[in-house]
Amino acid sequence: MKSYEQLFIDGRWVAPVHNGSFETIDPSTEQTIAKVAAATAEDVDLAVKAARKAFDEGPWPRMRGGDRAAVLRRIGQGIRDRLPELAEIEVRDNGKPLPEALWDVGDAAGCFEYYADLAEQLDERAETPVALPDERFSSVARKEPVGVAGAITPWNFPILMAAWKVAPALAAGCTMVLKPSELTPLTALELAHIAAAADLPPGVLNIVTGTGKDAGAPLSEHPGIDKLAFTGSVPTGSRIMQAAARDIKNVSLELGGKSPFIVFDDSDIDAAVEWIMFGIFWNQGEVCSATSRVLVQRGIYERLLARLEKEARKISIGNGLQEGVLLGPLVSKGQYDKVREAVQRGKDEGAHLMTGGARPAHLDKGYFIEPVVFADVPTDSWIWKEEIFGPVVCIRAFDDEAEAVRLANDSRFGLGAAVMSRDDERCERVARALRAGIVWINCSQPTFTEAPWGGYKQSGIGRELGEWGLNNYLETKQITRYVSGKPWGWYIR
């Protein structure tokens, strides 16, 4: 691996003020793969000031949307040109299987291309006439960039989560400081190289790597930031929201989940098992929307469990760069320990461990864990209520639709949910009853850049992706003009 011991600030690669660094680890081998620059508050301040100057004085916010679109498309193409290389970096940094990484990197490129299209449309849609009841005045509602955005992204989909924030922010005309997770910072730094090669003006995108304490907190607390966008855990999101409240900053949060999947007894069992596995074992279960609580109608409960256990045992586990691997390691030792502790807690709470939870016998290094299937999980247990963020699925039976909806909605989270049945009317009815921001019918986890993404309750505030993602980085201004006619004559008669 090449050196990553510099930060990207104001269009230049610079050493951290205190010359600090940290190591990033390959979770398959537990070996260091790179030393990375460790930013502190002083570096964050330099990055915010660069973004502030680029917004207040630079060309980016004042460009036509079509001109910004051209840069965004070059960034998208730059990602595509390096797709195999970036995917391999993702595997080594995060652990996910290569096919999943290739998919993520391709989606990241597509995200920049999609928001390039929306940037072009802003040229025509920037102003909307407002109908007024008084013909002496005319008014328009104008969309303008919110300003300097601070973005903090997670480790589970490193380049894709960066794209979800950087692309719409740049399309809107904002400037940004991005702080990727210290566990998986490498593709964010590669994105800086790609953006520079695409002729993005200096200061528009700044990337600072470091810990949440030393870099993330100073970014969220910086008075020069106009908007904060965060994806990650509920506790960290709460702290960011508190920091934003001090300066009344615009904030969007995409937080955790404990998403339910309701399977009715008229469902095809093979299809149900496939979607259950995709919903929890994709990306090692390190997915905020993972459908980790599965409710199965009693008529097919035992048959489905038997098939799920059989198929879960077949999943190939190993280094994500090895052909045929479907489940890589967890991202870090810390996450590995948390998941192992959650499995033990589930057993202690009386859930029936059908399979998984141990280190695979053929792997003596790396943060690997066999996929876990818990059955008959008590609804008051910790593993039923709390996000585990690993390949652990919790299953229990239900009798009727009303019970299923009640159990599904009995959560402080509301990010995703899924329902499966051959009865289309029932699926539609249940989908509308579920208290979640994303509901899948007869599937789990398909994600499209064009559709809104976000949750209810403690799963977050606001929506990403689609036009909703662009609106995160836009303010609305009213401009009202006196046209003609007699003034009110309030003071001069």
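Residues numbered from 1 in each chain as written. Predicted model: local features only at pLDDT ≥ 70, side-chain atom pairs only at ≥ 80, totals over all residues. Heavy atoms only, no water.

**Student:** Go over the side chain of N283, please, and point to the residues and values.
**Tutor:** As for its position among the elements, N283 is in the loop between α9 (269–281) and β13 (293–297). Overall, the relative accessible area of 0% leaves N283 in the buried class. Residues contacting N283, with those up to four places away along its chain left out, are N94, K96, E100, N156 and F157. (Helix = DSSP H or I, 4+ residues; strand = E, 2+ residues; numbered from the N terminus. Buried < 20%, exposed > 50% of the residue type's maximum accessible area, 1.4 Å probe, protein only. Contact = heavy atoms within 4.5 Å.)

**Student:** Outline unusual backbone geometry, supporting the account with residue identities and numerical values.
**Tutor:** A positive phi is found at E30, a non-glycine position, where the angle reads about 65°. With relative accessibility at 34%, the residue E30 sits in the partly exposed group. The residue N283 is not glycine, and still its phi comes out positive at about 55°.

**Student:** Go over the packing of helix α2 (residues 65–81) against helix α6 (residues 186–197), please, and point to the residues and values.
**Tutor:** Where α2 contacts α6, the axes come no closer than 9 Å and their chain directions differ by 125°. Here α2 is positioned oblique relative to α6, judged by the angle of their axes. Where α2 crosses over α6, the handedness of that crossing is right-handed. The segment α2 lies against α6, with I75, G78 and I79 engaging L191, I194 and A195. Residue composition of the contact of α2 with α6, by class: five nonpolar, one polar and no charged. (Axes fitted to C-alpha atoms, helices over the stretch in contact; angles between N-to-C directions. Parallel < 35°, antiparallel > 145°, perpendicular 65-115°, else oblique. Left-handed = near helix turned anticlockwise from the far one by under 90°. Nonpolar A, V, L, I, M, F, W, Y, C, P; charged D, E, K, R; others polar.)

**Student:** Would you mind going over the environment of W440 in detail, with residue names and values included?
**Tutor:** Inspection of the secondary structure puts W440 in strand β19 (residues 438–441). A C-alpha to C-alpha distance of 28 Å links W440 and Q335, two positions 105 residues apart in sequence.

**Student:** I'd love a proper account of the sheet that holds strand β6 (residues 137–145), names of residues and values included.
**Tutor:** The strand order β5-β6-β22 describes an open sheet built from three strands, whose pairing is antiparallel. Looking along the sheet, the strands with just one partner apiece sit at the ends: β5 (127–130) and β22 (474–482). For this sheet, the mean inter-axis angle between neighbouring strands, taken without regard to orientation, is 25°. Bridge count between β5 and β6: four bridges; the pairing is antiparallel. Paired with P129 across the strands is V140, a residue of β6. (Pairing = 2+ DSSP bridges.)

**Student:** Give a description of the environment of R422 that names residues and reports values.
**Tutor:** Here R422 lies in the loop between β18 (416–420) and α14 (424–433). A distance of 2.5 Å separates a polar atom in the side chain of R422 from the backbone oxygen of D266. (Polar contact = N/O pair within 3.5 Å; in protein donor to acceptor, adjacent residues only side chain to side chain.)

**Student:** I'd love a proper account of helix α3 (residues 83–94), names of residues and values included.
**Tutor:** Its twelve residues place the ends of α3 16 Å apart at the C-alpha level, agreeing with the 16 Å of an ideal helix rising 1.5 Å per residue. Tucked into the core, α3 has its buried residues touching β3 (21–26), β4 (31–37), α2, α4 (98–125), α5 (158–172) and α6. Once α3 ends, the next one or two residues include G95, with phi positive near 105°. (Expected span 1.5 Å × (residues − 1).)

**Student:** I'd like to hear about a nonpolar patch on the surface, residue by residue, with values.
**Tutor:** A contiguous nonpolar surface patch, about 720 Å² in accessible area, is contributed by W488, W490, Y491 and I492. Assignment of secondary structure puts I492 in the segment after β22. Using a relative accessible area of 74% as the deciding quantity, one classes I492 as exposed. (Patch = residues over 30% accessible without salt bridge, like charges linked within 9 Å, V, L, I, M, F, W, Y side chains within 5 Å. Areas by Shrake-Rupley, 256 points an atom, 1.4 Å probe, with all protein chains shown as cover. Salt bridge = Lys/Arg side-chain N within 4 Å of Asp/Glu carboxyl O.)

**Student:** How would you summarise the sheet that holds β13 if you had to cite specific residues and measurements?
**Tutor:** Strands belonging to one sheet form pairs held by backbone hydrogen bonds; the direction of such a pair is parallel or antiparallel. Pairing is mixed across the open sheet formed by seven strands, whose spatial order is β14-β15-β16-β13-β12-β18-β19. Every interior strand has two partners, whereas the edge strands, β14 (352–355) and β19, have only one. Averaged over all adjacent pairs, the angle separating strand axes in this sheet is 20°, with direction ignored. When strand β12 (residues 260–263) meets β18, the two strands line up parallel, connected through three bridges. Bridged to I262 within β18 is V419.

**Student:** Tell me what's going on with the pairing of β12, and back it up with residues and numbers.
**Tutor:** For a regular strand, the rule is simple: side chains alternate between the two faces of the sheet. Burial along β12 is two-sided: the face carrying P260 and I262 and the face carrying F261 and V263 are both buried. Note that β12 and β13 share four bridges and pair parallel. Bridge pairing in β13 places V263 opposite V296. For the segment spanning β12, α9 and β13, crossover handedness is right-handed. (Right-handed = clockwise from strand over helix to strand, strands pointing away.)

**Student:** Residues and numbers for α2, please.
**Tutor:** Spanning 17 residues, α2 covers 24 Å between terminal C-alpha atoms, matching the ideal 24 Å at 1.5 Å per step. Buried residues of α2: G65, R68, A69, V71, L72, I75, G76, G78 and I79, and no others. Summarising the contacts, the buried residues of α2 are in contact with α3, α4, α5 and α6.

**Student:** Would you mind going over the layout of surface pockets in detail, with residue names and values included?
**Tutor:** The computed volume of the largest pocket comes to approximately 1,200 Å³. If you trace the largest pocket, you find 43 residues lining it, with W155, G232, S233, T236 and K338 closest to the centre. Secondary-structure elements contributing two or more residues to the lining of the largest pocket are α7 (212–221), β10 (227–231), α8 (234–247) and α11 (333–348). A breakdown of the residues in the lining of the largest pocket according to their chemical character gives 17 nonpolar, 14 polar and twelve charged. (1 Å grid on protein atoms, 1.4 Å probe; cavity = no way out; pocket = protein on both sides within 12 Å on 5 of 7 lines; lining within 4 Å. Points joined across faces, edges and corners; volume = space filled by probe spheres on them.)

**Student:** Describe in detail the side chain of T40, supporting the description with residues and values.
**Tutor:** Residue position: T40 is located in the loop between β4 and α1 (41–57). Judged by relative accessible area, T40 falls into the buried class, the value being 19%. Once you skip the residues sitting within four places of it in the chain, T40 turns out to touch H18 and D214.

**Student:** So what about the pairing of β3? Which residues, and what values?
**Tutor:** The side-chain alternation of β3 yields one buried face, formed by F22, T24 and D26, and one unburied face, formed by S21, E23 and I25. Relative to β4, β3 runs antiparallel, the two being bridged by six bridges. Following the sheet pairing, E23 is matched in β4 by K35. Connecting the antiparallel pair β3 and β4 is a turn made up of four residues, with E30 showing a positive phi of about 65°.

**Student:** Outline the packing of helix α13 (residues 401–409) against α14, supporting the account with residue identities and numerical values.
**Tutor:** Interaxial distance between α13 and α14 falls to 10 Å at its minimum, and their mutual angle equals 30°. Here α13 and α14 pass one another in a crossing that is right-handed. Within the contact between the two elements, α13 uses E401, V405 and N409 and α14 uses R426, R429, V430 and A433.

Purely geometric numbers; function is a separate question.
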